[in-house]
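Summary of structural features
Residue-level listing of the chains:
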Amino acid sequence: MSTYHPLSEAQAIEYARQIPDLFQPASELTSQEIGDGNLNLVFRISEKTSGKSIILKQALPYAKVVGESWPLTLDRARIESEALIIEEGLVPDLVPHVYAYDADLALTVMEDLSDHIIMRRGLIERNEYPLFAEHIGRFMANTLFFTSDLGKNQQEKKIQQGRFINPELCKITEDLIFDDPYRDADTNSIEDQIRDAAEQLWADSELHLEVAILRQKFLTNAQALLHGDLHTGSIFIKPDSTKVIDPEFAYYGPMGFDIGAVLANLILNFAGQEGWSQDHESREAFRAYLLKTVKEVWTHFEANFRALWNEHGVDRVFQTPGYQDHFIKNLLQDTIGFTGAKMVRRIVGLAHVADIDKIENNAARERAQRLALAIGTSCIRANRQVTSIDELIAIVTKESAVERGFVL
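Residues numbered from 1 in each chain as written. Predicted model: local features only at pLDDT ≥ 70, side-chain atom pairs only at ≥ 80, totals over all residues. Heavy atoms only, no water.

1. With respect to the overall build of the protein chain
When helices and strands are tallied, the protein chain shows 14 helices and 12 strands. Expected size for 408 residues packed as a compact globule is a radius of gyration near 22 Å; at 21 Å, the protein chain falls within 12% of this value. Across the 408 residues of the protein chain, 55% fall into the buried class. Counted over contacts in the protein chain with a minimum sequence separation of 6, partners at least 24 positions apart contribute 72%. As displayed, the protein chain has an accessible area near 17,300 Å², and 51% of this comes from carbon and sulfur atoms. With 41 positive and 61 negative side-chain charges, the protein chain shows a spacing of 2 Å between the two charge centroids. (Helix = DSSP H or I, 4+ residues; strand = E, 2+ residues; numbered from the N terminus. Rg over C-alpha atoms; globule rule 2.2 N^0.38 Å. Buried < 20%, exposed > 50% of the residue type's maximum accessible area, 1.4 Å probe, protein only. Contact = heavy atoms within 4.5 Å. Areas by Shrake-Rupley, 256 points an atom, 1.4 Å probe, with all protein chains shown as cover. Lys, Arg positive; Asp, Glu negative; His and termini not counted. Charge placed at Lys NZ, Arg CZ, Asp CG, Glu CD.)

Structure, rendered in structure tokens:
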């Protein structure tokens, strides 16, 4: 018989009190429910005398953003905790420490990162993070390489893959990213001012072909253990530290999906600068920073990934001259395609991004939405021909110029 029940704040305090070696016996603890996501309860438990604090994250049996009509597996809490532990073993400075996991309560106890902020908020506030590209490039290189057939014993990889099938949360991705935005689905969320652009998406059979190819890769190409939802809302950051959180969508899939998610969210903020920058000069300066970061994320990822392959590759055949270059070229193309797909769904799909949705000026928000759609669809169309990250930068630059009425 299941003992699962959603915790109250008082119950969260009592649970935290029982965790060994964290808080002083009988000390005063306080709780704050800070969850603003779509799927979970999140409690911060603090000890007043020492200032020590931890996070309790509990999965709900339904999608919080919709309600009990959308049931979800509680096993995602196990997947998240196991993924964090694997990631910590590979890049310990880039993820929060997991203190405990409780299967009965679908509860993960982890390090509190209150001295960081969510990166999406930081970018909306137009903060720059000079170490981010190196940090996230190294995170993705290590987590993707060492869970793939390139860097992990291939029989052990198959066993590990079985622990991360994650069908329910994969289904969310399959529908919300690779199906619903390209039809008039009930789950879509579309402002009237861009209804015409959405209808063009639904009628574009050439675009649908490229999306179908990307969808097939997401469904079948089990290259590595992905974070699965690696956007700027899943990254805590400060100038000298980056922490990746929330891998409950983790599963074995195409590497480019994680990389594309990071790049897509940087470019969504680029589009959102229509509403966040105060003038043309500041807008162009911050956009230049974002595009520089996009390029550096890929550059750091590729350099780290190739170095790991050269030093730790486990498969003799994959050392064949030319194969590494072939693999990286295909991975870049996947990355560009998934970048586009992630951008499109954030404009017309169910869950949007604050970078654009929180823009109060209607005209600026519409410009940002249309720019994001133009960049996203261009990435999808171009993905199978791309040979350099500079081509992604060129797409963003061109579409931005077109939106402003210039022709490059």
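2. A look at unusual backbone geometry
Look at arginine 126: it is not a glycine, yet its phi comes out positive at around 70°. Note that arginine 126 resides in the loop between α3 (119-124) and α4 (132-145). On the basis of relative accessibility, which here comes to 26%, the residue arginine 126 falls in the partly exposed class. Located in the positive-phi region is aspartate 246, a residue other than glycine, with phi close to 60°. Relative to the elements of secondary structure, aspartate 246 occurs in the loop between β11 (241-244) and β12 (251-253).

3. Brief notes about the sheet that holds strand β7 (residues 107-111)
A sheet is described by the order of its strands in space; here five strands give the open sequence β1-β2-β3-β7-β6, paired in antiparallel fashion. Bordering the open sheet on either side are β1 (29-33) and β6 (98-102), each of which pairs with just one other strand. Mean inter-strand twist for the sheet, computed between neighbouring axes without regard to direction, equals 20°. Of the pairings in the sheet, the one linking β6 to β7 comprises four bridges and is antiparallel in character. Bridging across to β7, aspartate 102 finds its partner in leucine 107. Strands β2 (40-47), β3 (53-59), β6 and β7 of the sheet are contacted by helix α2 (residues 75-90), whose axis makes an angle of about 155° with β6. (Pairing = 2+ DSSP bridges. Axes fitted to C-alpha atoms, helices over the stretch in contact; angles between N-to-C directions.)

4. Considering the UniProt feature "binding site: ATP" (unreviewed entry) in the protein chain
As recorded in UniProt, the feature "binding site: ATP" (unreviewed entry) lies at Asn40, Lys57, Glu111, Asp112, Leu113, Asp246, Pro247 and Glu248. Lining the second largest cavity, from the residues named above, are Asn40, Lys57 and Glu248. Not counting residues within four places of it along the chain, the set of residues in contact with aspartate 246 comprises Lys57, Glu80, His227 and Ser234. Relative to the helices and strands, glutamate 248 resides in the loop between β11 and β12. Of note is the side chain of glutamate 248, whose polar atom sits 3.0 Å from the side chain of asparagine 40. (UniProt positions renumbered as here; feature names shortened; annotations may be inferred. 1 Å grid on protein atoms, 1.4 Å probe; cavity = no way out; pocket = protein on both sides within 12 Å on 5 of 7 lines; lining within 4 Å. Polar contact = N/O pair within 3.5 Å; in protein donor to acceptor, adjacent residues only side chain to side chain.)

5. Let's talk about the pairing of β2
With six of its eight residues buried, β2 lies for the most part within the structure. Relative to β2, β1 runs antiparallel, the two sharing five bridges. Bridge pairing in β2 links serine 31 to isoleucine 45. Across seven bridges, β2 lies against β3 in antiparallel orientation. Counterpart to serine 46 in the pairing with β3 is serine 53. Here β2 hands over to β3 after five residues, with glycine 51 in that stretch at a positive phi of 80°.

6. A word on the sheet that holds β11
Spatially, β8-β10-β11 is the arrangement adopted by the three strands of the open sheet, whose pairing is antiparallel. Each having just a single partner strand, β8 (117-118) and β11 make up the two edges of the open sheet. The sheet contact formed by strand β10 (residues 235-238) and β11 spans four bridges and is antiparallel. By the bridge assignment, phenylalanine 236 is partnered in β11 with lysine 243. Contacting β10 and β11, α4 crosses the sheet at an angle of about 35° to β11.

7. So, the layout of surface pockets
Empty pockets left among the atoms are what a rolling probe the size of a water molecule brings to light. Quantified by volume, the second largest pocket comes out at close to 190 Å³. Along the walls of the second largest pocket sit Ala197, Gln200, Leu201, Asp204, Leu207, Arg370, Leu373, Ala374, Thr377, Arg381 and Glu403, which together make up its complete lining. When contributions to the lining of the second largest pocket are tallied by element, the ones reaching two or more residues are α7 (195-203) and α13 (362-382). If you tally residues by element for the lining of the second largest pocket, the top one is α13, at five residues. (Points joined across faces, edges and corners; volume = space filled by probe spheres on them.)

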